[in-house]
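Each chain is listed here by its residues.
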Amino acid sequence: MFLNPNGRPSRGLLRNHAPAGNCYTATCSEIRFVEASVKHLLIVYHTQTGNTGRMAEAALAGARSEDVDGVDARLLRARDAGPDDLLWAHGLLLGTPENFGYMSGGMKDFLDRTFYPVEGKILSLPYAVFISAGNDGTMALAAIRRIANGYPFKEVQAPIIAAGELTDEHLKGCWELGLAMALGLEMDLF
Ligand SMILES: Cc1cc2nc3c(=O)[nH]c(=O)nc-3n(C[C@H](O)[C@H](O)[C@H](O)COP(=O)(O)O)c2cc1C
C-alpha cells in the first residue's frame, strides 16, 4: 500500500517498485521508504459435510487476492485453532454451520477454549461471520454475536448466510468478504 501526500492510501501507485513486505510514502518532493506492518487475518471454521469448508476456502482466496498487499491470511479448522491464533490476529472471520438452531459444537468449543486465555488481551478485534444452513442460519448468527460481544469482537462486515444449497453466489460472497476484510486491515479501516 502507498500513501498519498495527505497520508491516505493510494492504491496501485508505485506498487511494482516496493519490495515485498514494504511500502513507500510518496510526497511531491520525496519518496520515503517505510517499513510496512503486515496485518494478520485469521479464518476459523468448522464443517461437517464440507459446505462451510468451501466457504472458508473462498474467503481465504479473496483475502489472498492480488489486490491485497501486506496481509497474511491463516485458515484453521476450529479444532486446530487456539488462543495464540486469536492473539496473532488483527482481524477474524468465523465460519460455522447452523446446527440445532445454534453455531456448531466445533465452533462453540473454539470459543469456549479461547475466551479466558485471551480475556483482557483483545480489544475490539474486527470480525465477520459466514454461515452454512439448511434453511435458516439466523440463530447461529445471533449466538455468535452474543458471545463475540464478550471477547470483545467488533463486527465490521455484513454476514454471509448460505441457506439451502450452497451456490456460486454464496461462494462469491465469501470471496468478497475475505477480500473486504483483508483490504480493511491493510488500509487500517477498522
Ligand atoms: C446435526 C445437524 C443439525 C442441523 N441443524 C440445522 C438448523 O438448526 N438449521 C438449519 O438451517 N440447518 C441445520 N442443519 C443443516 C446444516 O446447517 C447444513 O447442512 C449445512 O450446510 C452443513 O454445513 P457443513 O457442510 O459445513 O457441515 C443441521 C445439520 C446437522 C447435521
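Here is what the cut-offs are and how they apply
Residues numbered from 1 in each chain as written. Predicted model: local features only at pLDDT ≥ 70, side-chain atom pairs only at ≥ 80, totals over all residues. Helix = DSSP H or I, 4+ residues; strand = E, 2+ residues; numbered from the N terminus. Buried ≥ 20, exposed ≤ 12 C-beta atoms within 10 Å, placed from the backbone. Core = buried A, V, L, I, M, F, W, Y, C linked by C-beta atoms within 7 Å. Contact = placed C-beta atoms within 7 Å. Near = placed C-beta within 6 Å. Nonpolar A, V, L, I, M, F, W, Y, C, P; charged D, E, K, R; others polar. Axes fitted to C-alpha atoms, helices over the stretch in contact; angles between N-to-C directions. Parallel < 35°, antiparallel > 145°, perpendicular 65-115°, else oblique. Left-handed = near helix turned anticlockwise from the far one by under 90°. Expected span 1.5 Å × (residues − 1). Arc of directions from axis to C-beta.

## Points about the overall build of the protein chain
Counting its regular elements, the protein chain contains five helices and nine strands. Ordering the α and β elements of the protein chain from the N terminus gives β-β-β-α-β-α-β-β-α-β-α-β-β-α. The buried share of the protein chain, reckoned over its 190 residues, is 39%.

## Things to note about the nonpolar core
Core analysis: the biggest nonpolar cluster contains 48 residues, and Leu41, Ile43, Ala59 and Leu93 have the highest contact counts within it. A per-element tally of this core places helix 5 (residues 168-186) first, with eight residues. Beyond its immediate sequence surroundings of up to four residues, alanine 59 is in contact with Ile43, Leu93, Phe130, Cys174, Trp175, Leu177 and Gly178.

## Examining the site of the ligand
Surrounding the ligand, one finds 18 residues, the nearest of these being Thr49, Asn51, Thr52, Pro97 and Gly134. Contributions of two or more residues to the shell around the ligand are made by helix 1 (51-63), strand 5 (91-99) and strand 7 (125-133). Within the shell around the ligand, the residues separate by chemical class into three nonpolar, 13 polar and two charged.

## Points about the packing of helix 1 against helix 5
At a closest axis distance of 6 Å, the pairing of helix 1 and helix 5 adopts a crossing angle of 40°. Taken together, the axis directions place helix 1 and helix 5 in an arrangement best described as oblique. In the crossing of helix 1 with helix 5, the sense of the turn from one axis to the other is right-handed. Listed contacts from helix 5 to Arg54, Met55, Ala58, Ala59, Leu60, Ala61, Gly62 and Ala63 of helix 1 are His170, Leu171, Cys174, Trp175, Glu176, Leu177, Gly178, Leu179, Met181 and Ala182. Looking at side-chain class alone, the contact of helix 1 with helix 5 contains 13 nonpolar, three polar and two charged residues.

## Remarks on unusual backbone geometry
Residue proline 152 follows tyrosine 151 across a cis peptide bond; omega there is 0°. With respect to the helices, strands and loops of the structure, proline 152 is situated in the loop between helix 4 (138-148) and strand 8 (153-155). Of note in the backbone geometry, serine 124 takes a positive phi value of approximately 55° without being a glycine. Here serine 124 lies in the loop between helix 3 (105-118) and strand 7. Of the residues examined, serine 124 has 11 C-beta atoms within 10 Å and is grouped as exposed.

## What to know about helix 3
The α-helix winds at 3.6 residues per turn, so residues separated by three or four positions along the chain end up facing the same way. Taking 1.5 Å per residue, 14 residues should reach 20 Å; helix 3 reaches 20 Å between its end C-alpha atoms and fits that length. Turning to helix 3, its buried residues number three or more, namely Met107, Phe110, Leu111 and Thr114. Relative to the axis of helix 3, the buried residues are bounded by an arc of 95° and lie together on one face. Exposed side of helix 3, more than 90 degrees from the buried face: Asp112 and Tyr116 are the residues found there. Summarising the contacts, the buried residues of helix 3 are in contact with strand 3 (39-45), helix 2 (83-88), strand 5, strand 6 (102-103) and helix 4. Just past helix 3, the residue glycine 120 takes up positive phi, approximately 80°.

## Quick word on helix 4
Looking at helix 4, one finds that the buried residues are Ala140, Leu141 and Ile144. Across the axial projection of helix 4, the buried residues extend over an arc of 100°, all falling on one side. In this fold, the buried residues of helix 4 make contact with strand 5, strand 6, strand 7 and strand 9 (160-163).

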